[in-house]
Amino acid sequence: MKYQKLGKTDLSASVVSFGAWGIGGGSVWPDMNVGVGEVERLLDEAIDLGINYIDTAPVYGTGLSEELLGKALKGRRDKFLVQTKCSLNWRGEGGNFHYERDGATVMNDTSARAVRRDVEDSLKRMDLDYLDLIVVHYVCGSWPVEETMGELQQLIKEGKIRAVGLSNSKPADLDEYEKYGTVALVQEQFSLLAPYHGYDYLPAVEKHGTTFQVYGALEEGFLTAPDYVDRSFPKGDVRGKLPWIHEPIKGNIHKLFEVMEPLTKKYGCSYSNLVQAWTLRQYENLNLLTGFRRVETMRDTVKCLDIRLEDADLALLSEAAKPAQVRELDK
C-alpha cells in the first residue's frame, strides 16, 4: 500500500480508500444487502491490505452505512481514518430540497446549526468519540461560507473532528472556504468517461496543496468489463440513470474496451486496474475512493498501485475514451 498526507494535515491515508456508499443499500444499490458480518470481513481485509481510510455519509442508506460501519469498527477504530459528511439530512428542520428517496425527504443545509447537528448525529450513529474528517457533501450558497467553516473550525477545537473537506463543489468554492480555514481535500467525480470537471479543478487543488479524492473512477462498474455495459437495472438504481446505457455512448464504450483489452494483457491486469492506474496518473496528490462490497474487489483494486502506465499507453486511453465522454454528469 502507498500512503499520502491529506492536504496540509498530518493525517496519513492509504492512496486507495474504502467507499461505503454501496453498503447502505436502499433503492440506489438494491442488488446486494450487506450485514455487519460482511462489513467486518471487509474491514479485516482492508487491514490486511493496508487500507486505512473509510468514507461514508449520513444519507448512504439513510443512516445504515454509518450504523453498519460503527458496529464493525468496534475494537479496530484505531486502525482507520473515518470520514463522513455534513449538509444533507432528513430531519425536517429546514434547508433546501435535495431529493426524496426511500421514504425520506433529504434537504441540503450548511448552516452552523445543521452542520453541528450532522456531526453529532453521525457520532451517535457510529458510536464514535471523534471523526477524522467531515466533508461538506454538497456545497450550498444559501448560507455564508464563513458561517459553515466557522462552525467546522469550532468542532475541530472541541475535538469532535480533525479536518475538513468539500464535495460536489467548484474551484471557486475551494478558494472561498480556504479563506476561513484549511481544506484537507476535495472529493469530486472524475473518470476516464467524465474527466472535464476534474481537469477544471486540478489547478485549484494544486494551488492550495489540497488532496484530490476521486469518486466514480470506474463509473459504478461500467468500466470494469465489456458485458457490464449491456446490463439493465431496476428503477431507482443509480446505474440505470447514467448515460453509459444509451447509444451511441454505449457502443463507444465497447470500442474503448477493444483498445483496453491488449493493454490488460501487456500489464497483466484487469480492466479495472488499467482504468485506476490511468486515474492515479492524472494528479500527484490523488486519492482513489472505491466502493467495496466484496473482498475480491478490494484485493483486485490494490493491484493498480503496482502499475505504471507508459506515457504512450496513457495517451492512447485518453484518446480512445473521447467519443464516449460527457461533460456534465449528474449522479
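### Some words on the overall build of the chain
Scanning the chain for helices and strands turns up 10 helices and 13 strands. Relative to its length of 331 residues, the chain is compact, with a C-alpha radius of gyration of 19 Å against a globular reference of 20 Å. With the C-alpha coordinates aligned to their principal axes, the bounding extent of the chain is approximately 55 × 40 × 40 Å. Buried positions account for 58% of the 331 residues belonging to the chain.

### Focus: the sheet that holds strand S3 (residues 16–19)
The strand order around the closed barrel formed by 8 strands is S3-S4-S5-S9-S10-S11-S12-S13, and the pairing between neighbours is parallel. When strand polarity is set aside, the average angle formed by the axes of neighbouring strands in this sheet is 30°.

### Focus on the state of the cysteines
Evaluation of the coordinates by the stated rule reveals 0 disulfides. Take Cys140: it sits in no disulfide, and the sulfur closest to it among the cysteines is that of Cys86, at 11 Å. Cys269 carries a free sulfur, and the closest cysteine sulfur to it, the one in Cys304, is 9.4 Å from it. The buried category is assigned to Cys269, whose relative accessible area is 14%.

### Details of the environment of Val275
Along the chain, the position of Val275 falls in helix H8 (residues 271–280). Residue classification places Val275 among the buried residues on the basis of a relative accessible area of 1%. Separated by 84 residues in sequence, Val275 and Ser191 place their C-alpha atoms 8.4 Å apart. Dropping the residues within four chain positions of it, Val275 is found in contact with Ala217, Leu218, Leu223 and Met260.

### Notes on the pairing of strand S11 (residues 185–189)
Of all 5 residues making up S11, 5 are buried, and the element is well covered by its neighbours. Direction of pairing for strand S10 (residues 161–167) relative to S11: parallel, over a ladder of 3 bridges. Note that in S11 the partner of Leu166 across the bridge is Val186. Each parallel crossover has a hand, and the one from S10 via helix H5 (residues 171–177) to S11 is right-handed. Handedness of the crossover is the feature at issue here: the chain leaves S11, passes through helix H6 (residues 196–208), returns alongside strand S12 (residues 211–215), and the resulting connection is right-handed.

### So, the packing of helix H7 (residues 249–267) against helix H10 (residues 311–321)
Packing of H7 against H10 leaves a shortest axis separation of 9 Å and a crossing angle of 160°. Compared by their axis directions, H7 and H10 come out roughly antiparallel. The interaxial crossing formed by H7 with H10 has left-handed handedness. Side by side, H7 and H10 meet where Leu256, Val259, Met260, Leu263, Lys266 and Tyr267 of the first sit next to Asp313, Leu316, Leu317, Ala320 and Ala321 of the second. Looking at the contact of H7 with H10 residue by residue, the class counts come to 9 nonpolar, no polar and 2 charged.

### Comments concerning the pairing of S3
Here S3 shows no split at all, with Val16 and Phe18 on one side and Ser17 and Gly19 on the other all buried. The sheet contact formed by S3 and strand S13 (residues 286–291) spans 4 bridges and is parallel. The residue bridging Gly19 from the neighbouring strand is Gly291, located in S13. Note that S3 and strand S4 (residues 53–55) share 2 bridges and pair parallel. When the bridges of S4 are listed, Gly19 appears paired with Asp55. Following the chain from S3 across helix H1 (residues 36–49) to the adjacent parallel S4, one finds a crossover that is right-handed.

### Quick look at the environment of Asp118
Note that Asp118 resides in helix H3 (residues 112–126). Along the sequence, Asp118 and Pro58 sit 60 residues apart, while their C-alpha atoms lie 8.0 Å from each other. With near-sequence residues (within four places) excluded, Asp118 lies in contact with Cys86, Ser87, Leu88, Asn89, Arg91 and Asp109.

### A look at the pattern of salt bridges
Under the counting rule described, the total for this entry stands at 29 salt bridges. Of the charged contacts in the structure, one is a salt bridge between Asp230 and Lys250, with a shortest N-O distance of 3.5 Å. Remark: Lys250 occurs in helix H7 and Asp230 occurs in the loop between S12 and H7; sequence separation between them is 20 residues. When salt bridges that share partners are traced, they join Arg91, Glu93, Asp109, Arg113, Arg117, Asp118 and Asp121 into one network.

### A few points about unusual backbone geometry
Of note, the bond from Glu247 into Pro248 is cis; its omega dihedral lies within 30 degrees of zero at 0°. The topology assignment puts Pro248 in the loop between S12 and H7.

What counts, and where the lines are drawn
Residues numbered from 1 in each chain as written. Predicted model: local features only at pLDDT ≥ 70, side-chain atom pairs only at ≥ 80, totals over all residues. Heavy atoms only, no water. Helix = DSSP H or I, 4+ residues; strand = E, 2+ residues; numbered from the N terminus. Rg over C-alpha atoms; globule rule 2.2 N^0.38 Å. Buried < 20%, exposed > 50% of the residue type's maximum accessible area, 1.4 Å probe, protein only. Pairing = 2+ DSSP bridges. Axes fitted to C-alpha atoms, helices over the stretch in contact; angles between N-to-C directions. Disulfide = S-S within 2.5 Å. Contact = heavy atoms within 4.5 Å. Right-handed = clockwise from strand over helix to strand, strands pointing away. Parallel < 35°, antiparallel > 145°, perpendicular 65-115°, else oblique. Left-handed = near helix turned anticlockwise from the far one by under 90°. Nonpolar A, V, L, I, M, F, W, Y, C, P; charged D, E, K, R; others polar. Salt bridge = Lys/Arg side-chain N within 4 Å of Asp/Glu carboxyl O.

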